[in-house]
Each structure stands twice: as C-alpha cells, then as structure tokens.
Amino acid sequence: MPRAAGARLLLEVGCEELPPASVAPALAQLARDTAAALRAARLEGGEPRTTGTVRRLVLMVDGVPRRQADHVSAVRGPAARVAFDPSGAPTAAAHGFARAHGVAVEALQVREIDGGRYVVAEVRQRGRPAASVLAEVLPRVVAGLAFPKTMRWQANGFRFGRPIRWVVAMLDGRVLPLSIAGVRAGRATRGHRFLGPATVRLRDAGGYAAALRRGRVVLDPEARRTRIATGAAALARRLRGTPAIDPGLLEELVWSTEHPTPLLGAFDRALAEALPREVVLVTLQHHQKSFGITDAGGRVLPGFIAVRDGGAAHLDVVRTGHEWVVRARLEDARFFLDDDRRRGFEARARELARLAHAAGLGSMADHVRRLVALCGWLAEVARLDAREREVLARAAALCKVDLVTALVRELPELQGTVGRIYALEAGEPAEVAAAIEQHYWPRAAGGALPERRPAGLLAVADRALLLTGALLAGLEPSGSQDPYGLRRAASGIAAVLQAHDPGLGLRELFAAAAARYDVTSDAQARAAAAAVEVTLQRLRAALLEQGVAYDTADAVFAAGGDVVADLTARARALQAVRKDAAMPRLATGFARASRILGQAQPAGQLDPTLFDADAERALHQAWEAVEAEVARAARAGRYDEALAALVRLADPIDRFFDGVLVMAPEARVRANRLALLQAVTKTFLRVADLGRLAG
Amino acid sequence: MPKNPLTFQEMVLALHRYWSARGCVLEEPFDIEVGAGTLHPATFLRALGPSPWRVAYVQPSRRPADGRYGENPSRFFKHYQYQVILKPAPDDVQDLYLRSLEHLGLVLRHHDVRFLEDDWEAPTLGAWGVGWQVFLDGTEITQFTYFQQMGGLDLDLVSVELTYGLERLAMFLQRKARAFDIVWTRGVTYGDLRRDEERQQSAYGFEHGDPDRLRLLFDTYEAEARRLLEVPLVLPAYEAVLKCSHLFNLLDARGAVSVTQRVELMGRTRALARACAAAYLRAGDDPSTAGRTADA
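Residues numbered from 1 in each chain as written. Chains lettered and ligands numbered in written order. Predicted model: local features only at pLDDT ≥ 70, side-chain atom pairs only at ≥ 80, totals over all residues.

Engineer: Mind showing me how you'd approach the overall build of chain A here?
Structural biologist: Looking only at helices and strands, chain A has 26 helices and 16 strands in total. A compact globule built from 695 residues would reach a C-alpha radius of gyration of about 26 Å, whereas chain A, at 35 Å, exceeds it by more than 25%. Principal-axis analysis of the C-alpha atoms gives chain A an extent of 95 × 95 × 50 Å. Scored against the burial criterion, the 695 residues of chain A give a buried share of 42%. (Helix = DSSP H or I, 4+ residues; strand = E, 2+ residues; numbered from the N terminus. Rg over C-alpha atoms; globule rule 2.2 N^0.38 Å. Buried ≥ 20, exposed ≤ 12 C-beta atoms within 10 Å, placed from the backbone.)

Right under this line is the structure:
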C-alpha cells in the first residue's frame, strides 16, 4: 500500500441482527452519502466501498487525504469608491474590512460584481486534519441511513434499524475520535457470534479483511451467495435432484448469515408422496427457511437443504433438529389437508362472511358478490363465448374459498394454489381450477400472466374492486406507504390488460367496479377517476421498464386514450421508429402546427376551393390519403403501419411551412389554412402528441 | 445435546435461578385469563413510565382459537410462556439471553442459533415492538422484542421482553415430537396433566360457549372497567379489561364475531387498554399508589 497515496479509512458499525432486506440498501446509501460528505468536506480520495453482513455495515475508502484541501473564498466588501479615496489610497472602510478578514489591506482586490465594482478579500481557510473532520462527518452519515422501520433502544432516542453495539473507525492505524449512538469507536471488531473470538484488535485499517477471516466471518455477500447456492446444488445431487432455490429466500439467507453452511436433511418418502408439491416446497421455505429438492420431472424428493449460520462441526446435531421440525411441519400440513378435505370445498364459501377484506370493504363474501356481478358484466363487454362465461362465473364464485382453509391460513402464500388443488379434487373443470389459481397472477412484477381470458378478466375484476373500494374508503397510497398493495394491484391490472385486451377503457372498467359499492354516484366517479389515474401511472412505469423512452410514453399518453393494450401498442410502435431519419422533421412540423393552432381560430370546415398555393394543395392531398390509412391501421391496432403512413407527411409539411404564409391577411384563407393544419394534427394524435418528444 | 435433559419443571427452575441471579423479581403467573405473558400487569403496566424494572415469571396463556382437543402435536388452547422483562434493555442483552440457554445445558456452538427478524404488534393493546424470533436448529424457541409503544404511548425507557415458548424448548431439549410426551417430572408427562383440560376447553371454546352470554359478560366487564377508571382504580380496571380481552377471544373462537363486530370489539378493548395505560402513568408508575383515589 503506497502510503503517499493517502490514508485508508475503515468504518464498521456493529449491530444486533439487522432486518436482512434492509442491509443492502443501507450499504448502498452508506457509500453514496459518504462520497457526497467527503466531497463536501474537501476530503475526496478513492471511491467509497461498502460491504457487510446482518451484523455489520462496513465502509472502506482508500487514498483519503490526511488533511482537508485549503479553501479559498472571495469575500465581497464595500464598493470600490467607498474603499479607496480619489487618490487611490485605502480608506478606513478598506482597513476595517481587511482586518475583519485577516488579510493585508494591500492584498485587497477590486472586482466587477453584479455590474458594480467592489473590494474583494481572498480568504484562505487552512484545511483541518482529516481525522477530526471525519469524526464529525461519519456519525452524521450513519445517523442518516434510512431503514424501512426504525427503533429506539436507549434513552438518548437515537433511531436505527437495530441497536448499534460496537463501532470501529480508523484512519490507517489511528482510531478516529467519534461516537455513534453513544458507542465510542475503537479498534476492536468482533468475530462470528459462535465461531470466532469475541474480539479481534486491529493494528490498522488495512488489516480488517484478515481480522474478519480470523473471526470466521464471510464478509463478501457474493461469497456467501456462492457458498449457499453451489453448496445446495452439490448436496441435492446426492439425491439426484436439484434444489428449488427461491431467489427471495436465497437473498434473505445471504443477508441473515455471517458464515453460511448448507446441510442436507431428509424426511419420509410417504410425506413427499402424500402432499402436493407446492405444499412441501412452501412449508420448507416459509417455516424452515429451507430449500426443497425436486427431480428432473419436477417431483418433490424426500429431502431438503437448510442453511446453518456456522461451520461444519457438529452438523449432525443441527441436521437432527431440522429434520425433526420439518417432519412435524409436514405432518401438520397433512393434518390440515385432511381436515380441509373432510370439510369439503364449495361448502366453505359460507365462511367467507367471517373473513374481512381490506379495511372498510366489508367481508370477503361481500367482495365475492361484487366480483361475480362485475365478471358478469365483463363477460358481456369482452364477448366471451358460452364456455368461457361459465368458467369465469364459476371461478369468480370459488376463487376466494381457499382463504378459509386451514392450509392457506397456515401457508398464506399458497392462496390460489390451494384453491386450484382443492377445486380439482372437488371435481371442478381444469379451466376453472386454473382461473382460481391464476387470478392472483402476476404474483410479482414481470411474473407469469393468466393464461386464458376468463382468468385474465377475473384477475382484472378482483383488483379493480380492491382499488376502487380502497380509494372509496380513503386508503390511497402515499409516498412509500401502500399497506393494501394498491399500486401493485394497479400494476397487475395494467400487466394483464396488456396481454388480454377486452377492448375496454379503464374509465369504463373502474366506473363499473365503483358502481358495485353502495355510495353516492359522486363518490363512485371520484374513486373511478383516481383508479384510472393510478393505473395509467403504473402502466407508464411498466412501459419504461419495457424499454419505452420517457418522452415516447409522454407523447402517447398526452394524445389521450385509456385502453391499456392500445396505449401499449402506440408506445411500442412509436418507440420502434424513434430512430427513423424523418422523425425529427416530423416532430418539428407537428410542433409548429400545434403552436400556430394555439394562436388563432381555424375554420369549422375545411374548404379545398380556398387553397391557392401548390404546397397547400399538396399537403391536403397527401393528408387525405394518409388519414384514411392511419384510421384503418389504428382501428386494427397496427400502429407501425400508421406511423409509416404519417412519415410520408414529413415532406409535404416542410414544403407547406416553407412556401405558405399561414397567417394570411385574408381571414377566410387564414382560417382555412388553420383548418388544414388542425386536420393534420388530429391525424397525428390518433397515435401520439409528437410535440412531447425531446430533441 | 445434553445427555440427561432437564424435565419441564427443572427447566422452569433453571430459568428462575438464572434470571433471579440477574436481578429479576420472580413474579407468579397472573390469576386472570390472558392470551400472553405481555398482558400480565408486571409487563403491560410496568413497561410504562421511567422506573427501571426486572421481572421473570411463567404465564399460562390461553388462545381459544388454537385449541385442537389435544389432537395436534403443537397447538393448544393453553400453553406456557416464560416471560422476562429487562427495563431498561441492557447493552449485552443478547449475550445475557444466550447464556440462559447455556444454563439449560445447551452448548451453543454445537447448534444453529439465529435471530430472525420478527416485529411484534398487539393491536388490542395499542402496543408494538421490534425484534426477532430466536430459532434453535430450526425450532422457534423465543420471541425477543424491544418494546416501542404500549397502550398507544411512546415508552420513556425501552424494555426488552423475552418470551420463551416452554413447550417448544422442552420438546427440543427432550427430543419429543409431541408436547404431551414432554417429561414434566420423573414419571409424569405434560399430557398426564393437561390432556383432559385441552379436550374440555376446546369443546367449550368451539361448541359450548354461549355467544349471547359471552357478549353480555363482555359488556358487563367493559362497564365495570369504565366505572373503575372513573374512581380511579387502575389495577382493578385493568383486570376487567383483561376479562374483556379473553371474552373477545372466546367469542372469536366460537365463530360468533362478524367482520364488523370484530373491528368494533377490538376497538373497544383497545380504548380501555389505552385509558388504563394513561391513568397508570398519571398516578405515577408505582403500583402501590396507582390504585389510590385522587383525594386519598
């Protein structure tokens, strides 16, 4: 380590186990905020790096200057004519000003500022030693770290994700004189809670990684991920299977361990065979934070992989414990399954009356009644065939029944899946069972979508009722708060309607949904309008995710429309031609036309006999052909063709603006020209408001 | 694993000795039905106010909806919690807790002990906290919570609450798959003592509770709590609130509470719990004065 390059800074904030999902965001913020703080403190060195575990947030910066850069600032003083007498000698005012700022009067300069001439003193502030500046800066950065939920643990009221118990803060070999949350920084870090020594003293900041190795802490999250994932795969091969790795659980394990060691456990083959696949996998995942193992055909094998936070010694004891709990859990699941089967499926719909929907929306039975009615209406609008209608009606009536089953109460993330399994066992048709499961799809952004139309419509209706109902109850999401998942519901509606287009506008959809609630029509209209707003916002966000540029989306949304599939097709088509050479000209021409139209009143009716310039006639002719083509293409949703036709207007529009004076002196001619431009812009607006395109 | 695992009662004695040596008052279980050790006044009321406090006790906890007629290996109408309150939370509280497990005969580095994020909330008490479920080789054995609010009030001093699930811990130590097989003391099992109680209480909770009578009792105890808060006699008022809370649980298990009633009854219980917390603080957090009338 070349000493001349500056010092190495180490900060370790040692905590009781932090919420695993909060660690990576806190580390990212720690790096970002430290970079900004060091810049502001004139201590810029290397790029701050962060890493950590569930028990420690670690910051390292190389090449930190040992002293702040000196700071030179120009301080404005009195006007030059006040500071110097006519002979050019400094006055009492100049002497006073120079003294106040600790500079010699001869060093004062005269500068032009804001149109006047002023005396200026160049004040040089000597940089302070890095250690004392860092001791002020770092506690502020740590105190500013954001956690989804903060707590207090001592009387000083300091808030953080979990209690802070030790702090290491060093600049090379020197401990920084700072405290965080009342904990004084030192040079002692801690090893793994059970594997390592209680404390490891650091000689200098550079020795941190080695100290943690001695403490048996796997500091790098990627190394922990590899230990878990490759370890799990190797263990599963012993059963000739592969681990069913849920990415969310893997992430949680990476951020909830300091020395992860996977282990292979087993349970009775009979249990693996008696229980549905999803029940086994989710029981393992949800209750035991373990991965199930499946064979090449996707069948569950009688084994699992648990992850211990510790080493390989005495692994048998840990395995026995896990096997014992897993067996009890799976036996429990079998107990619930048998119990549910005994009580029947459809018969339990009655119990929905006792289950609350989101706050203020009554019971789940009320929700199902609304759902059945809304689906009946949707079936008409979407022109489902008789078979599809039957499927939709049946699925709507049954899709929430599994919520009262013992199995879903135990394993809530199996809602829908359990419904599908029980519906099939009760002899419901496969399409009905599929719609029951899939009406919760997509389960997450980008997840699988309902496969067929009845499931898609059920998914839309369920969420439309939740969204309008919650808005009626005044539960709109605000900031990061969205306890009822309303934004997710709106995103789900947008995603499903992108795939399944019933040719239905959002306004009509939400008006129909709001009408299912017994409130004034004013309140219904307000809720429906708010629901449209939220859904359009989520659609816009989804389009950006899908590679549509923000100004493409703006152009499309500004031209209006509330049919999700139509907005999507327009945005994708426009995005595809953004690179076309004629686009900038077309956008400029459209913008010019819109601007002029904003200034004067066009004629109500376009009258071709009033044209007198060739460019005018040419544009009119070109437009008539293009308009017919665009209208036809737009009706068919083929916006690529519509845009190809519009591009043909680029030349005629340019020639029109070059050769024709729109604001002609004669009123009738002027109004007629404006009417032509209005017709042209209207054709564009079938696709997008090109004036919104940037550059 | 320990060769001769502790019996259920030896486990309780070991925890008593351990926490007694660390300055805890050894309280007795509260003698009114509660759903959790948190409702014992030694927790709910003593967590309020600025006075330090350390206490440990066993609390039989009734959850009527969890009754399974004694047929489910790990679900019960009534189970036993071992409750510890440390106020204020000591800096080394995690280590203190871990040493209590060693005191039960566990060698921790042979096991997998995990603190897994789990925040706690009791809406009927206006109470919440943050903390963990502690897992031992995959078994949840303790709820570990830093209280943040109680009775809707921010706490002056943050308490740590440790709630050991005694059945889980005993099943783990004794390697028993069913709680009824736990050795309570030589020759006596948990099942010997508890089986009939589970069967009868489950039958009462699910089949024989009389909803009209339970509702009448709820109204009566609610009125009693209000009347006593007027006096003010905070401790008797709080006992009446605990009765309301248990009656609500019985009604709920009986399936006699509709969605709207549920919200309403919980709201009424919460309002009383909040009123008790506020009245307790007004009287000062010394229970010997908390019950006195204003003009006494």
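Engineer: What exactly am I supposed to notice about the overall build of chain B here?
Structural biologist: Regarding its fold elements, chain B presents 9 helices and 11 strands. Projected onto the principal axes, the alpha-carbon positions of chain B cover approximately 60 × 45 × 30 Å. Counting over 296 residues, chain B shows a buried share of 46%. Of the contacts made within chain B by residues no fewer than 6 positions apart, 66% connect residues no fewer than 24 positions apart. (Contact = placed C-beta atoms within 7 Å.)

Engineer: Explain the pairing of strand β14 (residues 260–266) of chain A here, please?
Structural biologist: Note on strand geometry: in a regular strand, side chains alternate between the two faces of the sheet. All names here are of chain A. Among the 7 residues of β14, 6 are classified as buried, and the element is accordingly described as predominantly covered. Direction of pairing for β14 relative to strand β16 (residues 300–309): antiparallel, over a ladder of 7 bridges. For L264, the partnering residue across the bridge sits in β16 and is I305. (Pairing = 2+ DSSP bridges.)

Engineer: It is not clear to me how the environment of R199(B) should be interpreted in this structure. Could you clarify?
Structural biologist: Residue and element names in this part refer to chain B. The topology assignment puts R199 in helix α5 (residues 190–208). Spatially, the C-alpha atoms of R199 and F77 are 8.9 Å apart, while their sequence positions differ by 122 residues. If sequence neighbours within four positions are ignored, R199 has contacts with Y69 and G70.

Engineer: So what exactly am I meant to see when it comes to unusual backbone geometry here?
Structural biologist: For residues that are not glycine, phi is negative in most cases, and the peptide bond is trans in most cases. Going from W441(A) to P442(A), the amide bond is cis rather than trans, its omega being -5 degrees. Among the structural elements, P442(A) can be located in the loop between α15 (430–438) and α16 (453–472). A cis amide bond links K87(B) with the next residue in sequence, P88(B), at an omega value of 0 degrees. Inspection of the secondary structure assignment puts P88(B) in the loop between β3 (78–87) and α3 (93–103). A positive phi angle, near 50 degrees, is found at D172(A), a position not held by glycine. Take D172(A): it is sitting in the loop between β7 (164–171) and β8 (174–175). For D172(A), a count of 18 C-beta atoms within 10 Å puts it in the partly exposed group.

Engineer: I tried to follow the sheet that holds β14(A) on my own but got confused; where do I start?
Structural biologist: Sheets are built from strands that pair by backbone hydrogen bonding, the pairs being arranged parallel or antiparallel. All names here are of chain A. With antiparallel pairing, 4 strands are arranged side by side in an open sheet as β13-β15-β16-β14. Looking at the sheet topology across the chains shown, the edges are occupied by β13 (242–244) and β14. Across the sheet, the mean angle from the axis of one strand to that of its neighbour is 35 degrees, orientation sign disregarded. Helix α9 (residues 277–288) contacts β13, β15 (291–294) and β16 of the sheet and is inclined by roughly 10 degrees relative to β16. (Axes fitted to C-alpha atoms, helices over the stretch in contact; angles between N-to-C directions.)

Engineer: Could you clarify how one ought to interpret helix α18 (residues 506–514) of chain A in this entry?
Structural biologist: Helical periodicity: at 3.6 residues per turn, an α-helix aligns residues three or four positions apart in one direction. Among all positions in α18(A), only L506(A), L509(A), F510(A), A512(A), A513(A) and A514(A) are buried. Residues of α18(A) that are buried make contact with α11 (364–381), α16, α19 (521–545) and α21 (564–576) of chain A.

Engineer: Looking at this structure, how should I read the interface of chain A and chain B?
Structural biologist: Interfaces are often described in size by the accessible area the parts lose on coming together. Between chain A and chain B, the residue contacts involve 31 residues of the former and 34 residues of the latter. A per-element tally of the side of chain A that touches chain B places helix α10 (residues 315–343) of chain A first, with 8 residues. Of the residues that constitute the side of chain A that touches chain B, the class distribution is 14 nonpolar, 9 polar and 8 charged. (Nonpolar A, V, L, I, M, F, W, Y, C, P; charged D, E, K, R; others polar.)

Engineer: Sorry, what's going on with helix α3 (residues 92–100) of chain A here?
Structural biologist: Residue and element names in this part refer to chain A. Within the sequence span of α3, burial applies to A94, F97 and A98. Buried residues of α3 fall within an arc of 95 degrees about the axis and therefore sit on the same side. In α3, the exposed positions that point more than 90 degrees away from the buried face belong to A92, R99 and A100. Next to the buried residues of α3 lie β4 (71–79), α2 (80–83) and β6 (116–125). In the segment just after α3, G102 is the residue with positive phi, at about 70 degrees. (Arc of directions from axis to C-beta.)

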